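Here are the chains, one letter per residue:
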Amino acid sequence: MKFKRSLLAVPAALALALSACSSGTASDDNSSADASSTAGASTGIVTANGSEPQNPLIPANTNETGGGRIVDLLFAGLVYYDAEGATHNEMAESIETDDSQNYTIKIKEGQKFSDGTEVQAHNFVDAWKLAVSEAQLSAYFFEPIEGYSDEAGSELTGLTVVDDYTFTVALNQPESDFPQRLGYSAFFPLPDSTLADTENGGEHPVGNGPYMLASDDAWEHNVQIQLVPNPEYQGDRAAQNGGVTIVFYAQQDAAYADLTAGNLDVLDAIPDSALSTFEDELGDRAVNQPSAVFQSFTIPQSLPHFSGEEGQLRREAISLSINRDQITDTIFSGTRTPAVDFTSPVVDGFNDSLEGSDILTYDTERAADLWAQADAISPWEGTFAIAYNSDGGHQTWVDAVTNSIKNTLGIDAEGAPYPDFASLRTEVTDRTITTAFRTGWQADYPGLYNFLAPIYATGAGSNDGDYSNPEFDSLLSQAAAASDADTANGLLDQAQEILLTDLPAIPLWYSNVTGGFGESVDNVVFGWNSVPLYYAVTKN
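Reference entry: report on the structure contained in this document.

## Focus on the overall build of the protein
Part 1 of the argument: From N to C terminus, the protein includes 15 helices and 21 strands.
Part 2 of the argument: Whereas a compact globule of 540 residues would reach a radius of gyration of roughly 24 Å, the protein reaches 23 Å, a difference of no more than 12%.
Part 3 of the argument: Summarising its shape, the C-alpha atoms of the protein cover approximately 65 × 60 × 45 Å along the three principal directions.
Part 4 of the argument: Going through the 540 residues of the protein one by one, you find that 59% of them count as buried.
Part 5 of the argument: Counting contacts in the protein only where the partners sit at least 6 residues apart, residues at least 24 apart contribute 72% of the total.
Part 6 of the argument: Looking at the protein as shown, the accessible area adds up to about 19700 Å², and 44% of this sits on carbon and sulfur atoms.

Printed below as a string of structure tokens:
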């Protein structure tokens, strides 16, 4: 029996709306969870913390949080996610399908980029094709579309421009949650000027979102980026302030000091040194709420001693050597929760009883025994190191984790600091890093699948450890094609049980978003994925 569905909320087959901020849900006709609907316009410039983007600001080539928060303000997708994670049309007039495999997408007429050119169907299609042909970092998100290949130069044959405001998408198989993914930055459109010159477009981005660059030199590298409202934007996320300046901090302590001194308006990362005191210090301006953020560290498949049977034994031993309960209590003051899987408790379908999850418990005797078994295959030598970026407030927990490993296994273990996130990510992306390294995932869209496929599927854009398991890949494919959420989540549970055996990354904990805001701003809302809704903040 055929059916036709128009995307006016989360697709019915996979209704994955979150309740991170309240217990309600939102539909496209009632955007009560969208903070901008109740905000009054203001003219003040809002200052917020951030970090220097790793790459030029091309949406599909931006897959880290420093650039991601900026791209999300400069661009608008077919859909967007409100504070609770519910899906709403933004550039899309409608997204329809008869079979969950072939989609017809109509965009709203009269929408414009900040340079005044109209957003048309080809701006989406050509941007998506460019992402794949150039093998950009988020190209993997286009894998379901016919013609996809992970080889540079491939073409998405499943995309067809019908007219200026309509295009069609043909997938390789039915995937009922495909529309829900379209709010992720990989699917944003590019203006003709950037399509013709991506180098200039990445350095001086022209977007269709609620903000635009304040000037040609608004991006001061390693210092800040200044954004002002985009007068061409007509969507629901209209700026309720006079602009947003994101300041790139080298240390979280400096950002917190600026917040408490009245020199910063919005902070989304409380440093370890203030976790036990910030709620008392900030009072009702403190934020501490669950979010769709998962933290781990990754041991590349290529590292000596970490492949084959020896590698599996060592990965298990290291996981069992970490006292997650003690670290989350003493260092994070309860703002983190020890992980029992690879996803997040705030996402619908979360399962805290997966087979094999005991590998994430603290068991020194079992850890030592497994390490000895690995030594019998090939004796350990050297130091186990975890790389981290010093500008992200990670040193304290990395030291605690490596000390726990050191004390349990009797080996040298230590942190390997990098000055900033961009330098760490460059070595990870280039595959020149020679140690384990901190990893984490801030969900792109509110679904379990998003915590698994982009990170652990063979060849995925964020598969930084180069993990590959055909059985895992097959379960992902089956889950994507499932006709209902329960079936999909059951298949994803099976996929996670494989990960709990292979341990391509070592799960650590789920993060609350801990932050705060200054006395001069109002209407500060932190969304389901821990990112503040900057456009909704008011400042007079």
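## Comments concerning unusual backbone geometry
Part 1 of the argument: In this model, Ser100 sits at a positive phi of 65 degrees, which is unusual for a non-glycine residue.
Part 2 of the argument: Tracing the backbone shows Ser100 in the loop between strand S5 (92-97) and strand S6 (102-107).
Part 3 of the argument: For Ser100, a relative accessible area of 6% translates into the label buried.
Part 4 of the argument: The phi dihedral of Asn222 is positive, around 65 degrees, even though this residue is not glycine.
Part 5 of the argument: Following the sequence through the fold, Asn222 ends up in the loop between strand S10 (219-220) and strand S11 (224-229).

## Here's the deal with the side chain of Thr62
Part 1 of the argument: You can see Thr62 is positioned in the loop between strand S2 (45-50) and helix H1 (65-74).
Part 2 of the argument: Residue classification places Thr62 among the buried positions, given a relative accessible area of 4%.
Part 3 of the argument: In contact with Thr62, other than residues within four places in its own chain, are Pro56, Leu57, Gly67, Gly68, Val71, Ser138, Tyr184 and Ser185.

## A look at the environment of Ala453
Part 1 of the argument: For Ala453, the location among the structural elements is in helix H13 (residues 448-456).
Part 2 of the argument: For the pair formed by Ala453 and Asp126, sequence separation is 327 residues and the distance between their alpha carbons is 24 Å.

## Some details on the nonpolar core
A general tendency of soluble globular proteins is for nonpolar side chains to be buried together.
Part 1 of the argument: Formed by 153 residues in total, the largest nonpolar core has its most connected members in Trp128, Phe297 and Phe384.
Part 2 of the argument: At eight residues, the largest contribution of residues to this core is made by helix H2 (residues 121-133).
Part 3 of the argument: Those residues within four positions of Phe384 in sequence are excluded, and the remaining contacts are Phe297, Ile299, Phe306, Ile318, Ile405, Ile411, Asp412, Ala413, Glu414 and Ala436.
Part 4 of the argument: Counting eight residues, the second largest nonpolar core, distinct from the first, contains Ala385, Ala387, Tyr418 and Leu424.

## Digging into the packing of aromatic side chains
Part 1 of the argument: Scanning all chains against the criterion turns up 21 aromatic pairs.
Part 2 of the argument: When the ring of Phe141 is compared with that of Phe187, the centres are 6.4 Å apart and the planes differ by 85 degrees; the resulting orientation is edge-to-face. Taken as a pair, Phe141 in the loop between H2 and strand S7 (159-163) and Phe187 in the loop between helix H3 (178-181) and helix H4 (192-196) lie far apart in primary sequence, 46 residues in all.
Part 3 of the argument: Judged by relative accessible area, Phe187 falls into the buried class, the value being 0%.
Part 4 of the argument: Positioned above the aromatic ring of Trp371, the side-chain terminus of Arg314 is 4.4 Å from the ring centre.

## Quick look at helix H8 (residues 308-320)
Part 1 of the argument: In a regular helix each residue adds 1.5 Å, so 13 residues correspond to 18 Å; H8 covers 19 Å between its end C-alpha atoms and thus fits that length.
Part 2 of the argument: Buried within H8 we find Glu310, Gly311, Leu313, Arg314, Arg315, Glu316, Ala317, Ile318, Ser319 and Leu320.

## Here's the deal with the packing of helix H14 (residues 470-481) against helix H15 (residues 485-502)
Part 1 of the argument: H15 packs onto H14 with a crossing angle of 165 degrees between their chain directions and a minimal axis gap of 8 Å. Here H14 lies roughly antiparallel to H15, going by the angle between them. Crossing of H14 against H15: the hand is left-handed. Across the interface between the two elements, Glu471, Phe472, Leu475, Leu476, Gln478 and Ala479 from H14 touch Ala488, Leu491, Leu492, Gln494, Ala495, Ile498 and Leu499 from H15.
Part 2 of the argument: Considered class by class, the residues forming the contact of H14 with H15 number ten nonpolar, two polar and one charged.

Calculation rules
- Residues numbered from 1 in each chain as written.
- Predicted model: local features only at pLDDT ≥ 70, side-chain atom pairs only at ≥ 80, totals over all residues.
- Heavy atoms only, no water.
- Helix = DSSP H or I, 4+ residues; strand = E, 2+ residues; numbered from the N terminus.
- Rg over C-alpha atoms; globule rule 2.2 N^0.38 Å.
- Buried < 20%, exposed > 50% of the residue type's maximum accessible area, 1.4 Å probe, protein only.
- Contact = heavy atoms within 4.5 Å.
- Areas by Shrake-Rupley, 256 points an atom, 1.4 Å probe, with all protein chains shown as cover.
- Core = buried A, V, L, I, M, F, W, Y, C linked by side-chain atoms within 4.5 Å.
- Phe/Tyr/Trp six-rings, centres within 6.5 Å; stacked < 30°, edge-to-face > 60°.
- Lys NZ or Arg CZ within 6 Å of the ring centre and 35° of its normal.
- Expected span 1.5 Å × (residues − 1).
- Axes fitted to C-alpha atoms, helices over the stretch in contact; angles between N-to-C directions.
- Parallel < 35°, antiparallel > 145°, perpendicular 65-115°, else oblique.
- Left-handed = near helix turned anticlockwise from the far one by under 90°.
- Nonpolar A, V, L, I, M, F, W, Y, C, P; charged D, E, K, R; others polar.

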